[in-house]
Amino acid sequence: MIGARDLGVALGGERVLDGVSLSVDAGELVGLVGPNGAGKTTLVRALNGTLDPGAGERELDGDRVAGLSRRAVARRVATVPQEATFSFEFTVEAAVEMGRTPYVSRFGRTDRDDADAVRAAMERAGVAGFADRSVTTLSGGERQRVLFARALAQETPALLLDEPTASLDINHQVRTLRLVRDAVEGGGADGAGKAALAAIHDLNLAARFCDRLILLADGRVRAEGDPEAVLGDPALAEAFGVRVALNRDPAVGSPLVTALEDGEGDRTTAGVDARGAERASGDEEDGGGGERDGDRDDGGDDDGDGGGDNEDGDDGDGNGDDAGTRVEADRGGGGDTDAGGDGGSDRADRRSDR
Amino acid sequence: MRVWRRAGWYSAALAAVLAAVVTVSAGIGPVSIPARTVLSVLANAVAVPVGVDAGTADAARAGVTSLAGGVSVRYVHPFAFPVSDVERTIVMRVRLPRILLGALVGTALAAAGTVMQGFFRNPMADPSIVGVSSGAAVGAVFAIVSPLALPFGLGLQGAAFAGALAAGFGVYLIATRDGRTPVATLLLAGVAVQTLLGAAVSFLLLRSGESMRRIVYWLMGHLDGASWGDVTGLALVVPVLVVVLFAYARDLNVLLLGESDAGALGVNVARSKRGLLAVSSVLTAAAVAVSGVIGFVGLVVPHALRLVVGPDHRILLPTSALAGGSFLVAADTLARSGAAEVPVGIVTAAAGAPFFLYLLRTREVYEL
């Protein structure tokens, strides 16, 4: 349904995507994960045709994208952006109706089909209740649902989502991905399941809702497969430049990955390891950490006395690259004596929440 | 559906307002003429073509217009209300050309301004944002001060029109790189070119000697001296181009979401941008060439209408265009009915700027 072969994109002389191949079938939700700057957004834009890749083939619904007009592409794939600039006062219905753009000719009026598609999309996304409100008055979660309704109104067999949950609270993250899941599993007006590829920042959310994951780093596919396999793949730790612990979420049973700071979860520093493991498996405390982390200040940690600890942390893991080093430097004070226990676990909360 | 119905009703209402403003304006002046008489004059002027004579028709006969090649068209005037010749002359020869020119220029500027504000997603955008008006000014001033006859038989208006298009196209070329024209670059290039052309106008002004007065008058924007020729010229161009812009109304709505969203919704962003920019620039150039730089119509009218009808360009564009016509006719009526006539550009700025400030204070200035 969504397919790419050997996709290569260079922006400003820099290779952003390099030999990316993937395929997503109808009825399948595939998560695209990877560190910042991995090329996830670029890949989404290349697949929805708003960016011309320099190399490779793209396919949507059995047709080569290169041979399709913009309108034809937009009838095959809809894109849910991370956020929309909704600072003008369109009503929710008008915003959703924009999804019908690829079906309406210049002077053409929207017809009954369009109206039906818009209504059905609004109902499925749960925005029909405030169809006449201005989009400027909506909360972040409501806006995201409006954008999703717009994509549904496009009535495409394929769906691309670019970090749809990045700016949402945990409740709306789950609700949004549930909507995607439902669209993928059918049950829509047309009854057919969509093929969906979603760039998702949060590894645990991705693992929980997706059928498969694709790990993208430095513009290449580094790992691919079912969520547990990808999260357990050494390539993941390498891609993010951080060591991770893989557990199982006790509440929902999905894989749960926790980024470890240096010294945490590390056999050589047993005390911290115990705390880290305990924290990593405690789901409800995870949520609590998310609530609390707002007022916590990073700056306090790296003041002054981190130097000594940093050294033994450094050889703990084999990460030679920049990101790894930066992370280690940041948490220099972590293993420190007096407030050490508290500080260490708080930070663990914060990391896993991200 | 609902959108089109709303667009239709609002447009019909504003068309009625425009007709009323035109009628009232035609009665106002040194000689006051009742609206009833104005309507009689207008009705009498209605001519229905009834036949075509080939060969040597008597061209001097009343109700016959000769075309090229000895072909002439016969007209019948269905109405013959009793009106005096003086009133007929005042309305038809003196006031109506100016009023209709005002309506067309106002329509063009407001439509172009609406498009530019949407296109640039910037509430401060106006029709001359890509340097079109500055280009027209240079062309016009050059035509006035140049001791040489202009090439290709360009008159003042031709020179202004050519200057406007050259400036607009120049800005577009400067801002385009690798086939992409980022809106922000276009905006900045427009500002830079406007500044440069402003310097050129100032320089020419210094050297203009006794034609300075004429130049300043042109630059301020004016509708006096309007001829039926000007009206016919604009009447052929403006409605067509406004309709073309209207065809892009949905694209313009979607472009408000940002270019990458618009692309994902099936809009050919590069092509739509080129089309919108070209058409609104030609529209502005045509208006500015005959009337000089009349400010604030293209800035304020779209804002005011957006408050009333909302941001949907399928409604906003036609209503803005009609309201722009009414606004400029009203402003020009004010400009010519004072003790001493002032350029209409002064009136629109004097009325428009406070209104804009009022909007600024009472409304959150939403980024479009």
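Residues numbered from 1 in each chain as written. Chains lettered and ligands numbered in written order. Predicted model: local features only at pLDDT ≥ 70, side-chain atom pairs only at ≥ 80, totals over all residues. Heavy atoms only, no water.

Defined as follows: UniProt positions are given in the numbering used here, feature names are shortened, and annotations may be inferred rather than shown by experiment.
Chain B is annotated in an unreviewed UniProt entry as Corrinoid ABC transporter permease of Candidatus Halobonum tyrrellensis G22. We quote the UniProt Sequence similarities (unreviewed entry) comment for chain B here in full: "Belongs to the binding-protein-dependent transport system permease family. FecCD subfamily."

For chain A, an unreviewed UniProt entry supplies the name Cobalamin import ATP-binding protein BtuD and the organism Candidatus Halobonum tyrrellensis G22. Database annotation for chain A, UniProt heading Subunit (unreviewed entry): "The complex is composed of two ATP-binding proteins (BtuD), two transmembrane proteins (BtuC) and a solute-binding protein (BtuF)."

1. Let's talk about the interface of chain A and chain B
Note: interface size is frequently given as the accessible area lost on complex formation between the parts. Our working rule: Only heavy atoms enter the contact rule, under which two residues are in contact if any of them lie within 4.5 Å. In short, buried area is how much 1.4 Å probe accessible area vanishes from two parts on joining, totalled over both. Should a side-chain nitrogen of Lys or Arg be within 4 Å of a carboxyl oxygen of Asp or Glu, the pair is scored as a salt bridge. In protein, a polar contact requires one atom able to donate a hydrogen and another able to accept it; more generally it is a pair of N or O atoms within 3.5 Å, and residues adjacent in sequence count only if both atoms are side-chain atoms. A run of DSSP states H or I qualifies as a helix once it reaches four residues; a run of E qualifies as a strand once it reaches two. Both are numbered from the N-terminal end. Here the term charged refers only to Asp, Glu, Lys and Arg, the term nonpolar to Ala, Val, Leu, Ile, Met, Phe, Trp, Tyr, Cys and Pro, and the term polar to all other amino acids, Gly among them.
Each partner contributes to the interface: chain A provides 34 residues, whereas chain B provides 30 residues. Summed over both partners, the interface of chain A with chain B comes to about 2,600 Å²; 57% of that surface belongs to carbon and sulfur atoms. The tally of links from chain A across to chain B stands at three salt bridges. Notably, a salt bridge pairs arginine 250 of chain B with glutamate 97 of chain A, separated by 2.9 Å at the nearest N-O pair. Where chain A packs against chain B, one counts five residue pairs in polar contact (both at pLDDT 80 or more). Where the side of chain A that touches chain B is concerned, the elements lending two or more residues are α2 (70–74), β6 (77–80) and α3 (92–97) of chain A. Ranked by residues supplied to the side of chain A that touches chain B, first place goes to α2 of chain A with three residues. Grouping the constituent residues of the side of chain A that touches chain B by class yields 12 nonpolar, 10 polar and 12 charged.

2. Here we look at the sheet that holds strand β10 (residues 220–225) of chain A
Residues and elements named next belong to chain A. Our working rule: Two strands are said to pair when DSSP picks up at least two bridges between them. In this analysis, axes come from line fits to C-alpha atoms, helices being fitted only over the stretch in contact, and the angle between any two N-to-C directions falls in the range 0 to 180 degrees.
The six strands are arranged β6-β7-β8-β3-β9-β10 in an open sheet whose pairing can be described as mixed. Edge positions in the sheet fall to β6 and β10, since each of these pairs with one other strand and no more. The average angle at which neighbouring strand axes cross in this sheet is 20 degrees, direction not considered. As paired elements, β6 and strand β7 (residues 158–162) share four bridges and run parallel to each other. Bridge pairing links threonine 79 to leucine 160 in β7. Its contacts with the sheet put helix α1 (residues 40–47) on β3 (28–33), β6, β7, β8 (195–199) and β9 (212–217), and the angle it makes with β7 is roughly 150 degrees. Here helix α5 (residues 140–153) sits on the sheet in contact with β6 and β7, set at roughly 175 degrees to β6.

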